[in-house]
Amino acid sequence: QVQLVESGGGLVQAGGSLRLSCAASGRTLSSAAMGWFRQAPGKEREFVAALSWIVGNTYYADSVKGRFTISRDNPKNTLYLQMNSLKPEDTAVYYCASSPRPPRYVGAHDEYDYWGQGTQVTVSS
């Protein structure tokens with residue numbers, strides 16, 4: 001079992017920055033990959049970014065590429081999402097997720113078994 005807790009969300013103006021954190025506990029060695037997804041009200045959950053925990057490869061949705069950076073702090077068992085040049089369309093609840101096995105497709109939400117409670121990100125115009 002892996003427990004995930006997100007933090008760092010908030011209200012920011014367009015063009016600003018936020019850094020989200022995801023603290024992992026439990027059987028963290030079973031997390032082959034971790035990722036960030038987001039969901040706006042009335043919309044489907046969408047992939048944002050992912051990281052292969054052991055290898056360190058990163059993956060990004062086209063909509064955030066060049067603006068967001070996913071990273072990790074191994075001693076702290078923490079995953080980060082640095083979000084720069086934020087846009088109003090980035091407004092959503094952001095969720096951290098963990099997969100106990102290498103995902104066949106890192107952008108598919110059903111490849112991830114464990115999820116955090118989410119943290120709200122609101123970007124004003």
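This one's a predicted model, so the numbers in the text were calculated from it and none came from an experiment.

Basis of the calculations
Residues numbered from 1 in each chain as written. Predicted model: local features only at pLDDT ≥ 70, side-chain atom pairs only at ≥ 80, totals over all residues. Heavy atoms only, no water. Pairing = 2+ DSSP bridges. Helix = DSSP H or I, 4+ residues; strand = E, 2+ residues; numbered from the N terminus. Phe/Tyr/Trp six-rings, centres within 6.5 Å; stacked < 30°, edge-to-face > 60°. Lys NZ or Arg CZ within 6 Å of the ring centre and 35° of its normal. Core = buried A, V, L, I, M, F, W, Y, C linked by side-chain atoms within 4.5 Å. Buried < 20%, exposed > 50% of the residue type's maximum accessible area, 1.4 Å probe, protein only. Axes fitted to C-alpha atoms, helices over the stretch in contact; angles between N-to-C directions. Salt bridge = Lys/Arg side-chain N within 4 Å of Asp/Glu carboxyl O. Contact = heavy atoms within 4.5 Å.

Engineer: Explain the pairing of strand 3 (residues 18-26) to me, using residue names and the numbers behind them.
Structural biologist: As paired strands, strand 1 (residues 2-7) and strand 3 are joined by six bridges and run antiparallel to one another. Looking at strand 3, one finds that glutamine 3 is bridged to serine 25. Pairing of strand 3 with strand 8 (residues 78-83), which is carried by six bridges, proceeds in the antiparallel orientation. Bridge pairing links alanine 23 to threonine 78 in strand 8.

Engineer: Tell me about the packing of aromatic side chains, and name the residues and values.
Structural biologist: Enumeration over the complete set of coordinates arrives at four aromatic pairs. Among the aromatic side chains, those forming a connected cluster through ring pairs are Phe37, Phe47, Tyr112 and Trp115. Between arginine 45 and the ring centre of tyrosine 95, over which it is positioned, the NZ or CZ distance is 4.2 Å.

Engineer: Explain the nonpolar core to me, using residue names and the numbers behind them.
Structural biologist: Counting 33 residues, the largest nonpolar core has Trp36, Leu79, Leu81, Met83 and Tyr94 as its most contacted members. In terms of residues, this core owes the most to one element, strand 5 (residues 46-52), which gives five residues.

Engineer: Break down the sheet that holds strand 8 for me, with residues and values.
Structural biologist: Overall, antiparallel pairing links the four strands, which are arranged 1-3-8-7 in an open sheet. Strands at the two margins of the open sheet, each flanked by one partner only, are strand 1 and strand 7 (68-73). Direction aside, the axes of adjacent strands within the sheet are offset by 20° on average. Here strand 7 runs beside strand 8; their pairing, made up of six bridges, is antiparallel. Residue pairing for strand 8: isoleucine 70 is matched across the bridge by leucine 81.

Engineer: Could you give an account of the pattern of salt bridges, with specific residues and numbers?
Structural biologist: Opposite charge on two side chains lets them pair, provided their charged atoms get close. Following the criterion strictly, the structure yields six salt bridges and no others. In this structure, aspartate 62 engages lysine 65 in a salt bridge whose closest nitrogen and oxygen atoms are separated by 3.4 Å. Judged by its relative accessible area of 68%, aspartate 62 is exposed. Accessibility expressed as a relative area gives 52% for lysine 65, which makes it exposed. Measuring nitrogen to oxygen at the nearest pair gives 2.8 Å for the salt bridge that ties arginine 67 to aspartate 90. With arginine 67 in the loop between strand 6 (58-60) and strand 7 and aspartate 90 in the loop between strand 8 and strand 9 (92-99), this pair connects stretches of sequence that are 23 residues apart.

Engineer: Quick one: what's the story with the pairing of strand 11 (residues 119-124), residue by residue and with numbers?
Structural biologist: Of the two faces of strand 11, only one is covered, namely that formed by Thr119, Val121 and Val123; the face formed by Gln120, Thr122 and Ser124 stays uncovered. Note that strand 9 and strand 11 share three bridges and pair antiparallel. Within the sheet, the bridge partner assigned to alanine 92 lies in strand 11 and is valine 121.

Engineer: Describe the side chain of threonine 119, with residues and values.
Structural biologist: Within the secondary structure layout, threonine 119 lies in strand 11. If we ignore the near neighbours within four places in the chain, the residues touching threonine 119 are Glu6, Ser7, Gly8, Gly9, Leu20, Ala92, Val93 and Tyr94.

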